[in-house]
Amino acid sequence: QVQLVESGGGLVQAGGSLRLSCAASGSIFSINVMGWYRQAPGKQRELVATITWSGITNYADSVKGRFAISRDNAKNTVDLQMNSLKPEDSAEYYCNLAWGSRTYWGQGTQVTVSS
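Scoring rules and cut-offs
- Sequence positions are assigned chain by chain, starting from 1 and proceeding in written order.
- Side-chain atom pairs in this predicted model are given and counted only at pLDDT of 80 or more, local residue features only at pLDDT of at least 70, and totals for whole chains, interfaces and linings cover all residues.
- Only heavy atoms go into the side-chain values, all of them from the structure, while hydrogens and water stay out.
- Each helix corresponds to a stretch of at least 4 residues labelled H or I by DSSP, and each strand to a stretch of at least 2 residues labelled E; elements are numbered beginning at the N terminus.
- The rule is simple: take the accessible area with a 1.4 Å probe, protein chains only, and divide by the maximum for that residue type; under 20% is buried, over 50% is exposed, in between is partly exposed.
- Throughout, a disulfide means two cysteine sulfur atoms within 2.5 Å of one another.

Brief notes about unusual backbone geometry
Even without being a glycine, Asn76 presents a positive backbone phi close to 55°. Mapped onto the elements, Asn76 comes out in the loop between β7 (67-72) and β8 (77-82). With a relative accessible area of 23%, Asn76 lands in the partly exposed category. Even without a glycine there, the phi angle at Ser84 is positive, about 50°. Secondary-structure assignment places Ser84 in the loop between β8 and β9 (91-99).

Notes on the state of the cysteines
In total, this model carries one disulfide according to the counting rule given. The disulfide that involves Cys22 links it to Cys95, with 2.1 Å between the sulfurs. Residues Cys22 and Cys95 are joined through a disulfide that is left-handed, its torsion about the S-S bond being -85°. Of this pair, Cys22 sits in strand β3 (residues 18-26) while Cys95 sits in strand β9, placing them 73 residues apart in sequence. In this structure Cys95 comes out as buried when scored by relative accessible area, which is 0%.

This is a description of form; function is not addressed.
Set out below in structure tokens:
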């Protein structure tokens, strides 16, 4: 069984920064993709950023230049550094780990950006 535990959400003013962290445990295939998704009330869950085991990154256009994703393969962790936060970044943020047909989600961490 795979578990993902997120941390680091909270309340921040517009223009501020937050860092989200996610730790994965269990039987994890080493060649995988880790990422962050978010879901605001009344909206669909959307991709924020992903990073492959080899370090290839992908970002949503709305966060390019403001967010940075990184991972530590030895520790099975993935972080999301969020800078220049905007009120529209407010959402529940979910960590994701996937390989092949398998996908796992964390429980979510709330990010609220006040204007």
